[in-house]
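Single-letter residue listing:
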Amino acid sequence: MSKELLDKTDIDRIITRMAHEIIERNKGISSLCLVGIQRGGVHIARRISAKLKEIEGREIAVGTLDIALYRDDINVRKEQPVVRRTQVPCEINGIIVVLVDDVLFTGRSIRAAMDAIMDLGRPSAIQLAVLVDRGHRELPIKADFVGKNIPTSMDETVTVQLTEDGTKDSVVLE
Amino acid sequence: MSLRSKDLTGIKDLSAEEIGLILETAAGFKDVLGRDIKKVPALRGRTTVNLFYEPSTRTRTSFEVAAKRLSTDVINIAISTSSVVKGETLLDTAKTVLALGADIIVIRHNCSGTPHFLAKNINASVVNAGDGTNEHPTQALLDLFTINERKGRIKDLEIAIVGDILHSRVAKSDIYALLKLGAKIRLIGPPALVPDCLKDLGVRIYTDMNAGLDGADVIMMLRIQLERQGKGFFPSTHEYFRNWGLTAARVARAKEDAIIMHPGPMNRGIEIASEVADSSRSVILDQVTNGIAVRMAVLYLVSGVQG
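Each value, and the rule that gives it
Residues numbered from 1 in each chain as written. Chains lettered and ligands numbered in written order. Predicted model: local features only at pLDDT ≥ 70, side-chain atom pairs only at ≥ 80, totals over all residues. Contact = placed C-beta atoms within 7 Å. Nonpolar A, V, L, I, M, F, W, Y, C, P; charged D, E, K, R; others polar. Core = buried A, V, L, I, M, F, W, Y, C linked by C-beta atoms within 7 Å. Buried ≥ 20, exposed ≤ 12 C-beta atoms within 10 Å, placed from the backbone. Helix = DSSP H or I, 4+ residues; strand = E, 2+ residues; numbered from the N terminus. Domains from an automatic or database assignment. Axes fitted to C-alpha atoms, helices over the stretch in contact; angles between N-to-C directions. Parallel < 35°, antiparallel > 145°, perpendicular 65-115°, else oblique. Left-handed = near helix turned anticlockwise from the far one by under 90°. Pairing = 2+ DSSP bridges. Right-handed = clockwise from strand over helix to strand, strands pointing away. Arc of directions from axis to C-beta.

1. Overview of the interface of chain A and chain B
Taken together, the contact pairs 13 residues of chain A with 14 residues of chain B. Looking at the side of chain A that touches chain B residue by residue, the classes come out as five nonpolar, three polar and five charged.

2. Points about the nonpolar core
Residues and elements named next belong to chain B. Core analysis: the largest hydrophobic core is formed by 142 residues, its most contacted members being Ile105, Val218, Ile219 and Leu299. No other element matches helix 11 (residues 284–302), which puts 10 residues into this core. Split by domain, the residues of this core number at least three in each of domain 1 (11–136 + 288–302) and domain 2 (137–286). Excluding its chain neighbours within four sequence positions, the residues that come into contact with valine 218 are Ile147, Leu157, Ile159, Ala160, Ala258, Ile259 and Met261.

3. Digging into the packing of helix 2 (residues 58–69) of chain B against helix 11 of chain B
All names here are of chain B. Where helix 2 contacts helix 11, the axes come no closer than 8 Å and their chain directions differ by 60°. Judged by the angle between their axes, helix 2 and helix 11 are oblique. Read as a crossing pair, helix 2 and helix 11 show a hand that is right-handed. Of helix 11, the residues touching helix 2 (which contributes Ser62, Phe63, Val65, Ala66, Ala67 and Arg69) are Gly291, Ile292, Arg295, Met296 and Leu299. Here the contact of helix 2 with helix 11 is built from residues that sort into seven nonpolar, two polar and two charged.

4. Some words on unusual backbone geometry
With an omega dihedral of -10°, the bond running from glutamine 38 of chain A to arginine 39 of chain A counts as a cis peptide bond. Following glycine 264 of chain B, the chain continues to proline 265 of chain B via a peptide bond in cis, the omega torsion being -10°. Mapped onto the fold, proline 265 of chain B is located in the loop between strand 9 (259–261) and helix 10 (274–277). Here the phi dihedral of lysine 27 of chain A falls at roughly 50°; this positive angle occurs in a residue that is not glycine. The residue aspartate 156 of chain B is not glycine, and still its phi comes out positive at about 65°. Exposure remark for aspartate 156 of chain B: the 10 C-beta atoms within 10 Å place this residue in the exposed category.

5. Some thoughts on the sheet that holds strand 3 (residues 104–109) of chain B
Residue and element names in this part refer to chain B. Taken together, the four strands give an open sheet; going across it, the order is 2-1-3-4, and neighbouring strands pair in parallel fashion. If you trace the sheet from one side to the other, it starts and ends with strand 2 (73–78) and strand 4 (125–131), each paired once. Across this sheet, the average inter-strand angle for adjacent strands is 15°, counted without regard to direction. Across six bridges, the pairing between strand 1 (residues 47–52) and strand 2 is parallel. For phenylalanine 52, the partnering residue across the bridge sits in strand 2 and is alanine 78. Packed onto the sheet, helix 4 (residues 114–121) meets strand 3 and strand 4 and runs at close to 170° relative to strand 4.

6. As for the packing of helix 1 (residues 16–33) of chain B against helix 11 of chain B
Relative placement of two packed helices is described by the angle separating their axes and the distance separating the axes. Residues and elements named next belong to chain B. Two numbers describe how helix 1 lies on helix 11: the axes approach to 8 Å, and their chain directions differ by 120°. As the angle between them shows, helix 1 and helix 11 are arranged oblique. Crossing handedness for the pair helix 1 and helix 11: right-handed. Seen from helix 1, the contacting residues are Leu21, Ile22, Thr25, Ala26, Phe29, Lys30 and Leu33; seen from helix 11, they are Thr289, Asn290, Ile292, Ala293, Val294, Met296, Ala297, Val298, Tyr300 and Leu301.

7. With respect to the sheet that holds strand 1 (residues 3–6) of chain A
All names here are of chain A. A sheet is described by the order of its strands in space; here three strands give the open sequence 1-8-7, paired in antiparallel fashion. The sheet is open, and its two edges are formed by strand 1 and strand 7 (158–161), each paired on a single side. Averaged over all pairs of adjacent strands, the angle between strand axes in this sheet comes to 30°, irrespective of strand direction. Of the pairings in the sheet, the one linking strand 1 to strand 8 (residues 170–173) comprises three bridges and is antiparallel in character.

8. Thoughts on the pairing of strand 4 (residues 96–104) of chain A
Residue and element names in this part refer to chain A. Along strand 4, eight of the nine residues are buried, which leaves the element largely enclosed by surrounding structure. Inspection of the sheet shows strand 2 (residues 32–37) paired to strand 4 by five bridges, in the parallel sense. Bridge pairing in strand 4 links cysteine 33 to valine 97. Judged from the eight bridges that link them, strand 4 and strand 5 (residues 125–133) form a sheet pairing that is parallel. Across the sheet, the residue bridging to valine 100 is alanine 129, located in strand 5.

9. With respect to the domain arrangement of chain B
All names here are of chain B. According to the domain assignment, chain B contains domain 1 (11–136 + 288–302) and domain 2 (137–286). For domain 1 and domain 2, the distance between their C-alpha centres works out to 25 Å. Counting residues at the interface gives 24 residues for domain 1, matched by 22 residues for domain 2. When residues in the side of domain 1 that touches domain 2 are grouped by element, the largest group, seven residues, is from helix 11. Residue composition of the side of domain 1 that touches domain 2, by class: 10 nonpolar, nine polar and five charged.

10. Examining the pairing of strand 4 of chain B
All names here are of chain B. Buried residues dominate strand 4, accounting for seven of its seven residues. In the sheet, strand 3 pairs with strand 4 via five bridges, with the strands oriented parallel. Among the inter-strand pairings, histidine 109 is bridged to a residue of strand 4, identified as aspartate 131. Following the backbone out of strand 3, through helix 4 and into the adjacent parallel strand 4, one traces a crossover that is right-handed.

11. Comments concerning helix 4 of chain B
Residue and element names in this part refer to chain B. When helix 4 is considered as a whole, its buried residues turn out to be Thr114, Pro115, Leu118 and Ala119. Buried residues in helix 4, looked at end-on, bunch into an arc of 130°, giving them a common side. Facing away from the buried side of helix 4 by over 90 degrees, the exposed positions are Lys120 and Asn121. Next to the buried residues of helix 4 lie helix 3 (90–99), strand 3 and strand 4.

Right, dumping it as structure tokens:
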């Protein structure tokens, strides 16, 4: 049984709201950098950046962050996680990094991402923006900007599909 | 996707997809090398042993740096100061190293096939760092990575490999790898060092350097092993340079944007002129840096496959 929870219009409205919240919280976007976690987070980060540009009229840097090398399950997995590119086009020291991911679940990816960011420099703050928070945290981690809270059970999966990956925009619960 | 084997014994055993996976993974590791903190915790708690039965500085150092950047502990065993001189067999040495807690053994040996023998007999991952005149797979992988970085592809490129093909494990690994990815290869050198039978691999053979370099996209020079001089392979180093040395005039025969590669250490004035080695088209130092990224990728990927 799969159920569409969000469609294209919903996702677009959510991104618009999150962009406004990011601006409000940081009183503008002057010392801000968006960093998307490979791969789903990168698409969301680019969309938020485009929205910020619409609102504030300024381009904001979007970085990509690969967390494969920082995962805590590297010794227990059967296969090595795929290593993708990490490219953060701005100087991280002293600025606010907004980490972006598609789904927040156990929080382990975010822990890995924070370690990866710290190896790139010392940001003045790290904030977290996620499109979907599905609960079931295994670490004390909380998002600053949440698109939608979706209560789930452990055996369900939440899939974020985006046009960037060649599908239509939707969030599906299975 | 992952590698099929816990070991990297040679390019011969890899599929084109596996080579592609290693190169893509290496691109991610190259990002790491460009940072202030050039280290990731991926293989924390693992141990890499460098077992070198032949002298080597650059390959051993490159593997050592790669392993340390991945947070593994590294132990270097120099055979000249080890129990091997007391008569210990290779397998006994390897088993001892395993008992000390090694997860990955990087081995260089003057006998072809040593890594294959070791890989079959122990559970740790074995990585070939050069075996006799057989293969030097990580050198070929870093060459491919460097070519792809500069040219954006490997397929259909015209690659000229110049020098002592017969004795070169680097050349063999390069030929296997480049053919698997669809490049076109010309081998250039004295007839005694580039025997005609190599044609069977699907490459073209030239004894005339100028003809061989015509329109090449990549010029890969090999080191002339000076210990072979005086054994009848070529008359003298002076004459070698006159016929097969890479000079600026000869580089001009290749494509305008051709790149020049050399696995090192270079013999300036024997196989390559200094002005060429130091020119803007030379990617020789890029090869050294890329070697670390590629070896990180190999260590990372083999340690993900169960023995």
